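Fold and geometry: a report
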Amino acid sequence: DIKNLESVYGKFKSDYPASSYLKLFEERINTVAVKKQQKLTPAMKFIDGAGMFKSWEDILAHYKGQTVLLDMWGTWCGPCRQDLERHAQFIKQHFKGRPLSYLYIANGDTGKEKLWKELIAYFGLEGTHFIAPRQLTTDIMKKVKGEGYPTYIIIAKDGSFELYKRGYGIDREVLFAQIEQALNR
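Time to look at helix 7 (residues 134-144). Along helix 7, the residues that are buried comprise Leu-136, Thr-137, Asp-139, Ile-140, Met-141 and Val-144. Looking at the packing, one finds that the buried side of helix 7 touches helix 4 (56-62), strand 2 (67-73), strand 3 (100-107), strand 4 (127-132), strand 5 (151-155) and strand 6 (161-163). In the segment just after helix 7, Lys-145 is the residue with positive phi, at about 65°.

See below:
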């Protein structure tokens, strides 16, 4: 939990100033401290998804003509946060300058808007964001046959879509190949 990490590390450092673990943790702790200072940017767009979308078909219709990487995630989801930490910026860098849109739908986060926005800034998630109401989450997951979080869906310009083929834990090469196929349709 990035919220308490610095204070836990500070206490450890105070209690064990000669510990050999300090050097192992210090760089990571400093990286977290810097990332916690990041702010929201204009490239992080927030929409009222509950007002715009009532179904999966509404989302597909809205994004028709675009290739989209959709990340179904939640602030409460450890694997989601790990994937965002490990892969979000690499994916964006790989497809930089290409016509790929990013849509992040938070699930189970109604009432957690402050934390949600803090994590979007922390992970540098440029793209479109909204918190889905339970009914919309249920509809999406049922229709795409998603089984848990995170769930990645690649939407092609023609409105067709497919789940990321490998399930949990991103294999970038597999994901990149799926996105390339969608971009080339």
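Picking up after the structure, the text goes on.
Let us now look at the pattern of salt bridges. Applying the stated rule across the entire model yields seven salt bridges. With its nearest N and O atoms 2.9 Å apart, the salt bridge here joins Lys-114 to Glu-118. Placement of both Lys-114 and Glu-118 in helix 6 (residues 113-123) is noted, with a separation of four residues, approximately one turn of the helix. On the accessibility criterion, Lys-114 (65% relative accessible area) is exposed. By relative accessible area, which is 37% here, Glu-118 ends up partly exposed. Taken together, the shared-partner salt bridges in this structure form one network comprising Arg-28, Lys-35 and Glu-85.

As a further point, take the side chain of Asn-107. With respect to the helices, strands and loops of the structure, Asn-107 is situated in strand 3. For Asn-107, a relative accessible area of 2% gives the class buried. A distance of 2.9 Å separates a polar atom in the side chain of Asn-107 from the backbone oxygen of Ile-105.

With that out of the way, let us pick up the environment of Phe-130. With respect to the helices and strands, the residue Phe-130 is situated in strand 4. Along the backbone, Phe-130 and Ala-43 are 87 residues apart, and their C-alpha atoms lie at a distance of 14 Å. Aside from chain neighbours lying at most four places away, what touches Phe-130 is Ile-47, Gly-49, Phe-53, Ile-59, Leu-103, Tyr-104, Ile-105, Ala-106, Trp-116 and Leu-136.

Turning our eyes to something else, we now look at the packing of aromatic side chains. Per the counting criterion, the structure on display carries ten aromatic pairs. Between Trp-56 and Phe-161, the aromatic rings sit 5.1 Å apart at their centres with planes inclined by 90°, giving edge-to-face as the arrangement. Of this pair, Trp-56 sits in helix 4 while Phe-161 sits in strand 6, and the two are 105 residues apart along the sequence. For Trp-56, a relative accessible area of 1% translates into the label buried. Both rings, one in Trp-76 and one in Tyr-149, keep their centres 5.6 Å apart while their planes meet at 85°; by these two values the pair is edge-to-face. Here Trp-76 is found in the loop between strand 2 and helix 5 (78-94), whereas its partner Tyr-149 is found in the loop between helix 7 and strand 5, with 73 residues between them in sequence. Taking the ring centre of Tyr-122 as reference, the NZ or CZ of Lys-35 above it sits at 4.7 Å. Geometry around Phe-90 places Arg-172 over its ring, the cationic atom sitting 3.8 Å from the centre.

Parameters at a glance
Residues numbered from 1 in each chain as written. Predicted model: local features only at pLDDT ≥ 70, side-chain atom pairs only at ≥ 80, totals over all residues. Heavy atoms only, no water. Buried < 20%, exposed > 50% of the residue type's maximum accessible area, 1.4 Å probe, protein only. Helix = DSSP H or I, 4+ residues; strand = E, 2+ residues; numbered from the N terminus. Contact = heavy atoms within 4.5 Å. Salt bridge = Lys/Arg side-chain N within 4 Å of Asp/Glu carboxyl O. Polar contact = N/O pair within 3.5 Å; in protein donor to acceptor, adjacent residues only side chain to side chain. Phe/Tyr/Trp six-rings, centres within 6.5 Å; stacked < 30°, edge-to-face > 60°. Lys NZ or Arg CZ within 6 Å of the ring centre and 35° of its normal.

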